[in-house]
Amino acid sequence: MKTIKVNIVTPDGPVCETEANVVIAVTEAGEIGILPGHIAMVAPLQIGALRLKKDDATEHIAVHGGFLEVRPDVVTVLAQSAEMASSIDIARAQAAAKRAEDALSAEKDESNYKLAELELKRAITRINVYETRKK
Ligand code: ATP
């Protein structure tokens, strides 16, 4: 089966360089599946799991916004932060989720409320991706 290269890059450096048969990403416009040979495009990403399907396995990577750049032979993700399942600190993500939930129930200021919603989304994404790690 054909593959497409996948590079996930953050300001801290590369998070993942691999190949996949299909890349599934959550863009601001909704979920898209990218196969090798896809037309070139750029799309903003939502906070969510990027899924890489290769042979019979699917790898989940937590990607916290940023941009997806597709070329026919390579998919590049540029994000402020991203983690593979194996590098997620689950206790930290659970603590962040709790902090965000507490802030959401107490927060009156609209912009702080929105920040807490984004923090909760990052934490939930990390918790969900952690659950998919190979044990
Ligand atoms: P926290 O409140 O725990 O810092 P956050 O969502 O505010 O979470 P970010 O600003 O998105 O954190 O990330 C800061 C750095 O810490 C990034 O390099 C990110 O990959 C890393 N990071 C954040 N949470 C975790 C986690 N649970 N496991 C592993 N790395 C994490």
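Structural data are supplied above this passage.
Residues numbered from 1 in each chain as written. Predicted model: local features only at pLDDT ≥ 70, side-chain atom pairs only at ≥ 80, totals over all residues. Heavy atoms only, no water.

Draft legend 1. Up close: helix H2 (residues 110–131). Taking 1.5 Å of rise per residue, the 22 residues of H2 would be expected to cover 32 Å, and the 32 Å separating its terminal C-alpha atoms lies within 8% of that figure. Its buried side turned inward, H2 meets strand S6 (47–54), strand S7 (57–64), strand S10 (82–84) and helix H1 (90–106). (Helix = DSSP H or I, 4+ residues; strand = E, 2+ residues; numbered from the N terminus. Expected span 1.5 Å × (residues − 1). Contact = heavy atoms within 4.5 Å.)

Draft legend 2. Representation of the site of the ligand. Around the ligand lies a shell formed by Asp12, Ser81, Glu83, Ser87, Ile88, Asp89, Arg92, Ala93, Arg99, Glu119, Arg122 and Arg126. Between the ligand and the protein, one listed contact pairs an oxygen atom with a side-chain N or O atom of aspartate 12 at 3.2 Å. At 2.5 Å from an oxygen atom of the ligand is found a side-chain nitrogen or oxygen belonging to glutamate 83. Contact with the protein chains removes 69% of the 590 Å² of surface that the ligand exposes when unbound. Listing elements by their share of the shell around the ligand, those giving two or more residues are H1 and H2. Here the shell around the ligand is composed, by residue class, of two nonpolar, two polar and eight charged. Split by domain, the shell around the ligand shows at least three residues from each of two domains, domain 1 (4–85) and domain 2 (89–132). (Near = heavy atom within 4 Å. Polar contact = N/O pair within 3.5 Å; in protein donor to acceptor, adjacent residues only side chain to side chain. Areas by Shrake-Rupley, 256 points an atom, 1.4 Å probe, with all protein chains shown as cover. Nonpolar A, V, L, I, M, F, W, Y, C, P; charged D, E, K, R; others polar. Domains from an automatic or database assignment.)

Draft legend 3. Quick look at the pairing of strand S2 (residues 13–20). The sheet contact formed by strand S1 (residues 4–10) and S2 spans seven bridges and is antiparallel. Across the sheet, residue valine 9 finds its bridge partner in S2, namely proline 14. The hairpin formed by S1 and S2 contains two residues between the paired strands. (Pairing = 2+ DSSP bridges.)

Draft legend 4. Structural detail: unusual backbone geometry. Even without a glycine there, the phi angle at aspartate 55 is positive, about 50°. Relative to the helices and strands, aspartate 55 resides in the loop between S6 and S7. You can call aspartate 55 exposed: its relative accessible area is 61%. (Buried < 20%, exposed > 50% of the residue type's maximum accessible area, 1.4 Å probe, protein only.)

Draft legend 5. Structural detail: the packing of aromatic side chains. One pass over the structure, following the stated rule, counts zero aromatic pairs. Over the aromatic face of tyrosine 130 sits the side chain of arginine 133, whose NZ or CZ is 3.8 Å from the ring centroid. (Phe/Tyr/Trp six-rings, centres within 6.5 Å; stacked < 30°, edge-to-face > 60°. Lys NZ or Arg CZ within 6 Å of the ring centre and 35° of its normal.)

Draft legend 6. Looking closely at the sheet that holds S1. Ordered by their spatial adjacency, five strands build an open sheet running S2-S1-S9-S8-S5, and the pairing between neighbours is mixed. Every interior strand has two partners, whereas the edge strands, S2 and strand S5 (41–44), have only one. Adjacent strand axes in the sheet meet at a mean angle of 15°, parallel and antiparallel pairs treated alike. (Axes fitted to C-alpha atoms, helices over the stretch in contact; angles between N-to-C directions.)

Draft legend 7. Structural detail: the sheet that holds S7. The strand order across the open sheet built from five strands is S4-S3-S6-S7-S10, with neighbouring strands paired in antiparallel fashion. Each edge of the sheet is formed by a strand with only one pairing partner; in this case those strands are strand S4 (30–34) and S10. Looking at each pair of strands side by side, their axes are set apart by 20° on average, direction ignored. Each of S6, S7 and S10 touches H2; the most contacted strand, S7, lies at about 160° to it.

Draft legend 8. Quick peek at the packing of H1 against H2. Between H1 and H2, the least distance of the axes is 8 Å, while the angle of their chain directions is 150°. The angle between H1 and H2 places the two elements in the roughly antiparallel class. Relative to H2, the crossing made by H1 is left-handed. Between H1 and H2, the residues in contact are Ile90, Ala93, Gln94, Ala96, Ala97, Arg99, Ala100, Glu101, Ala103 and Leu104 and Tyr113, Ala116, Glu117, Glu119, Leu120, Ala123, Arg126, Ile127 and Tyr130, respectively. Of the residues contributing to the contact of H1 with H2, the split by class is 13 nonpolar, one polar and five charged. (Parallel < 35°, antiparallel > 145°, perpendicular 65-115°, else oblique. Left-handed = near helix turned anticlockwise from the far one by under 90°.)

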